[in-house]
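Overview (structure and organization)
So the chains spell out like this:
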Amino acid sequence: MKLSPYLMFNGQCEAAFKFYEQCLGGKITAMMTFGEAPDPSTVEQTPPEWHNKIMHTSLHFGDQELMGSDSPPQYYEEAKGFSVSISLDDSAEAERIFHTLAENGTVRMPLQQTFWAYRFGMLVDQFGTPWMINCDQAA
């Protein structure tokens, strides 16, 4: 079994995933807009102003995957009750990722030493995605 987070956005999916690709060092392997849907009825049912929004995207990190989409406005809900967790062994990389994700976002818990980790912090990025960064070693 493999679990893969699927993030929903209110029109900012493309910008978010390009930001995550650069920040996290992954590779976007798929990105399709609603206007590019292979089923013509999907395109016909999608408002024209939504044709350039993302229907599906995938960002890979080795054998791990983060996926996302723009949720049509009538179905969009703000992210609540979860966080995307990143575990690292390199404290410098944990610091870099935390501070990059926190740009124009909200820090919920500064990156700091805890009883379970060398560094742990929580934030909500500029796109509304909640993150937890955990680093077990000073490396």
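The following paragraphs examine the structure supplied in this document. Positions within a chain are numbered from 1, following the residues in the order the chain's sequence is written. It should be noted that, the model being predicted, local features are given only for residues of pLDDT at least 70 and side-chain atom pairs only at 80 or more, the latter also being counted only at that level, while totals for whole chains, interfaces and linings use all residues. Values reported for side chains reflect all heavy atoms of the structure, with hydrogen atoms and water molecules removed beforehand.

**Remarks on the sheet that holds strand 1 (residues 6–9)**
- A pair of strands counts as paired when DSSP detects no fewer than two bridges linking them. Each helix is a run of DSSP H or I of at least 4 residues and each strand a run of E of at least 2, with the numbering of both proceeding from the N terminus. Taking strand neighbours across the sheet as the criterion, the four strands line up as 1-4-3-2 in an open arrangement whose pairing is mixed. Taken across any chain shown, the strands that pair with only one partner, and hence form the sheet edges, are strand 1 and strand 2 (27–33). Direction aside, neighbouring strands of the sheet carry axes that sit 15 degrees apart on average.
- Summarising the sheet, strand 1 and strand 4 (residues 64–70) pair through four bridges and their orientation is parallel. Looking at the pairing, Tyr6 lines up with Met67 of strand 4.
- In the packing of helix 1 (residues 13–24) onto the sheet, the strands contacted are strand 1, strand 2, strand 3 (54–61) and strand 4, and the crossing angle to strand 3 comes to about 5 degrees. To obtain an axis, a line is fitted to C-alpha atoms, over the contacting stretch when the element is a helix, and the angle between two such axes runs from 0 to 180 degrees between their N-to-C directions. Should any heavy atoms of two residues lie within 4.5 Å, those residues are counted as being in contact.

**Topic: helix 3 (residues 91–102)**
- With twelve residues, helix 3 extends 16 Å between its outermost C-alpha atoms, agreeing within 8% with the 16 Å of an ideal straight helix rising 1.5 Å per residue.
- All of the buried residues in helix 3 are Ser91, Ala94, Ile97, Phe98, Thr100, Leu101 and Ala102.
- Positioned one or two residues after helix 3, Asn104 has a phi angle of 60 degrees, which is positive. How far a helix is expected to stretch is found by multiplying one less than its residue total by 1.5 Å. Categorising residues by exposure relies on relative accessible area from a 1.4 Å probe, with only protein chains included: less than 20% of the type maximum marks a residue as buried, more than 50% marks it as exposed, and the intermediate range marks it as partly exposed.

This is a description of form; function is not addressed.
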